[in-house]
Each structure stands twice: as C-alpha cells, then as structure tokens.
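The primary structure of each chain is shown beneath.
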Amino acid sequence: MADQLERGGELHRPAVAEAAAWLRERLPEEPRLILDVGSGPGVGTCVLAEAFPGAEVVAVDGADGLLERATARAERLGLGDRVRVHRAELPGGLDAFGGVDLIWTSRFVHHVGDQRAALAALGGVLRPGGLLAVGEGGLPVRFLPSHPGVGRPGLQARLDAAGDEWFGEMRAELPGAVDAVDDWPALLTAAGLAPAGSRSFLIDHPAPLGEVGRAYLHAHLTRIRGNDGDRLAPEDRAALDALLAPDGILTRPDAFYLTASTVHTALTPPAS
Ligand SMILES: C[S@@+](CC[C@H](N)C(=O)[O-])C[C@H]1O[C@@H](n2cnc3c(N)ncnc32)[C@H](O)[C@@H]1O
C-alpha cells in the first residue's frame, strides 16, 4: 500500500495546501507544534510544514516503513529540521505529546473501531483553544465519462455501492467497533470539542491524466476487483477487467481524477 498511499497523497497535495490555508484563518496565532496523525508516507505532513514555516510537524503513524518514507520526503524537500516522526499504535501512544496547536488527521479516524474515543484522544493532546482538523468523507472518485464505453453505463456508481458495503463490513470487524452515524460535527461534540466548521476541497486532475494518476487508478481498480469482485455482477467484473487491461485505464485518453475531500474542524475549550 505504501506506493499507493504516496500516489494518492500526490494527487491530493494541492487540496491539502488549500485546506492548510483555510486552517490558518481559524488559528488564533501561528502554530508551533502540529501533529499529522495517521500520516502515511508524510505527503500531507510536508505540505503542512511548508504552509506553517514556524512549526515543528510530527508525522504519527503505526507503520515504520511509511514513517521512513515521511522522513525521506522531508529531507528531500529541505524540511528535515522541522519534520520528525513518531510511531504509535493509535489511538494510544500519544502520551509524549501535550500542548499541541493543530492536529491534522486525514482518512485515519475511520480505521479506529470507536471513532468518538479516537477524536477524544486526539483532543486530549491539544492545548486549550487548539484546533483539530479531521479529513473524512467527501465525494466518491470519478475517473471516466459516465458512459465509459465498457460495460453498462453507471459502472462507477455500482463500484461505489460495492465499495460502501465493503467499507461497512471493514468497520464492523475493527476491534471495539462502535456503530455510529458518521456525523463528524456530532462525533466531535460528543468527544468534548466545539465544532468550528466543515469545508470540502476539490481534487481535479482533468484528462489527459498524468502517470501518477493512472498508476493510482490502476491500483485502485485492482483493489476493488479483489475486495468487491464477488459483490459485482459478472458484466461489471468483465468491465473492470477491461479497464485493467493494457488498453484500459493506463492508456485511455479520457481518463481523469475528480473527487472532493471534506475537512471538519473543532476547537478544544479555552483554559478557564
Ligand atoms: C488511508 S491512510 C491515510 C494516509 C494519509 N493521512 C492520507 O490522507 O493520505 C491511513 C493511515 O493510518 C495508519 N493507521 C491506521 N490505523 C492505525 C492505527 N491503529 N495506529 C496507527 N496508525 C494507523 C495507516 O498506517 C495509514 O498510514
């Protein structure tokens, strides 16, 4: 998954930069300590370090290999003096931190069985008045015209439906799974934080798509074929196979990458 996470990070990098500019407006002062929780290979971590030049930014993740990539990326970009990494089996492993100004956590919280408890654990290391930014949800990815010329029209919507089923089963099997509505402002409130606004950011890489986008989509469709093949009708499986063939998503001139990511923010209560 490391290569795929890095490709996804590259595709979403401009949107993270936009989100960071939006977060800057919500922070009362320049942040000095930022955590990127569930950082993966650190693409977002480095965007944050660039957006907040006065801050130390810590990539927090459970996977050593991904943290090594985060360190290598930060060094490559000349950010090595302000980016460090911390291995943690989340939502634990944050005891080393306190007084954090900003926590960014993108596409991580849904990996934890009890999402409310995870948000509360993150809120617990923020300073009074600190900001938590949770990137979860948005819009499904679109990558071909709605009539893609393979299979029946509506293929992408049917892939989304199969993916949603897979996602629900994945969440139900997590240790300590709690079945809660993904109402992020409500979950943030239940975690003792004060919601401070949500916003969605467009990720728009039009056709003709570059190599990173094509490689991402090929791996993405391969994963759908593996995870959801049994949920799809035979004609949709055949359409997927056609898209995975050499004259499919890797070379089609009409392939693009279009989606949106939502970021929900909340503040910790100020010190009394
Ligand atoms: C989907 S990736 C998101 C990466 C990046 N934040 C992004 O938005 O592209 C989820 C990350 O969370 C990490 N992760 C998932 N569950 C974890 C846990 N319980 N403890 C620590 N890290 C975890 C994975 O290693 C992975 O890097």
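Our structure is the block above this text.
So, here's what we can say about the structure. (Residues numbered from 1 in each chain as written. Predicted model: local features only at pLDDT ≥ 70, side-chain atom pairs only at ≥ 80, totals over all residues. Heavy atoms only, no water.)

What follows concerns the pairing of strand β3 (residues 83-87). As a general feature of sheets, a regular strand has side chains that alternate between the two faces. Judged from the five bridges that link them, strand β2 (residues 56-61) and β3 form a sheet pairing that is parallel. Looking at β3, one finds that V58 is bridged to R84. Handedness of the β2-helix α3 (residues 64-76)-β3 crossover: right-handed. (Pairing = 2+ DSSP bridges. Helix = DSSP H or I, 4+ residues; strand = E, 2+ residues; numbered from the N terminus. Right-handed = clockwise from strand over helix to strand, strands pointing away.)

Q115, A118, L119, L122 and G123 are the residues of helix α4 (residues 115-123) that are buried. Buried residues of α4 fall within an arc of 140° about the axis and therefore sit on the same side. Packed against the buried residues of α4 are β1 (33-37), β4 (100-106), β5 (126-142), α5 (155-172) and α6 (184-190). Regarding α4, its N-cap is D114, as a side-chain oxygen of that residue lies 3.3 Å from the backbone nitrogen of R116 further along. (Buried < 20%, exposed > 50% of the residue type's maximum accessible area, 1.4 Å probe, protein only. Arc of directions from axis to C-beta. Contact = heavy atoms within 4.5 Å. Polar contact = N/O pair within 3.5 Å; in protein donor to acceptor, adjacent residues only side chain to side chain.)

As a structural note, the neighbourhood of the ligand is formed by 14 residues, with G38, D61, L90, S106 and R107 the closest of them. At 3.3 Å from a nitrogen atom of the ligand is found a side-chain nitrogen or oxygen belonging to E89. With the chains in place, 81% of the 590 Å² that the ligand exposes on its own is no longer accessible. Split by residue class, the shell around the ligand holds five nonpolar, six polar and three charged. (Near = heavy atom within 4 Å. Areas by Shrake-Rupley, 256 points an atom, 1.4 Å probe, with all protein chains shown as cover. Nonpolar A, V, L, I, M, F, W, Y, C, P; charged D, E, K, R; others polar.)

As a further point, take the packing of aromatic side chains. Following the criterion strictly, the structure yields two aromatic pairs and no others. Between W22 and F201, the ring centres sit 5.9 Å apart and the planes meet at 65°, which makes this aromatic pair edge-to-face. Of this pair, W22 sits in helix α1 (residues 2-26) while F201 sits in strand β6 (residues 194-205); the two residues are 179 residues apart in sequence, bridging distant segments of the chain. For W22, a relative accessible area of 8% corresponds to the buried category. Their ring planes at 85° and their centres at 5.6 Å tell us that Y216 and Y257 sit as a pair that is edge-to-face. Remark: Y257 occurs in strand β7 (residues 257-267) and Y216 occurs in helix α7 (residues 211-228); sequence separation between them is 41 residues. Overall, Y216 belongs to the buried group, its relative accessible area being 10%. The class of Y257 is buried, set by a relative accessible area of 1%. (Phe/Tyr/Trp six-rings, centres within 6.5 Å; stacked < 30°, edge-to-face > 60°.)

With that out of the way, let us pick up the packing of α1 against α3. The geometry of α1 relative to α3 is characterised by a closest axis approach of 11 Å and an angle of 45° between their N-to-C directions. Relative to α3, α1 is oriented oblique. Of the two possible hands of crossing, α1 and α3 adopt the one that is right-handed. Judged by residue contacts, A2, D3, L5, E6 and E10 of α1 engage L66, R69, R73 and R76 from α3. Of the residues contributing to the contact of α1 with α3, the split by class is three nonpolar, no polar and six charged. (Axes fitted to C-alpha atoms, helices over the stretch in contact; angles between N-to-C directions. Parallel < 35°, antiparallel > 145°, perpendicular 65-115°, else oblique. Left-handed = near helix turned anticlockwise from the far one by under 90°.)

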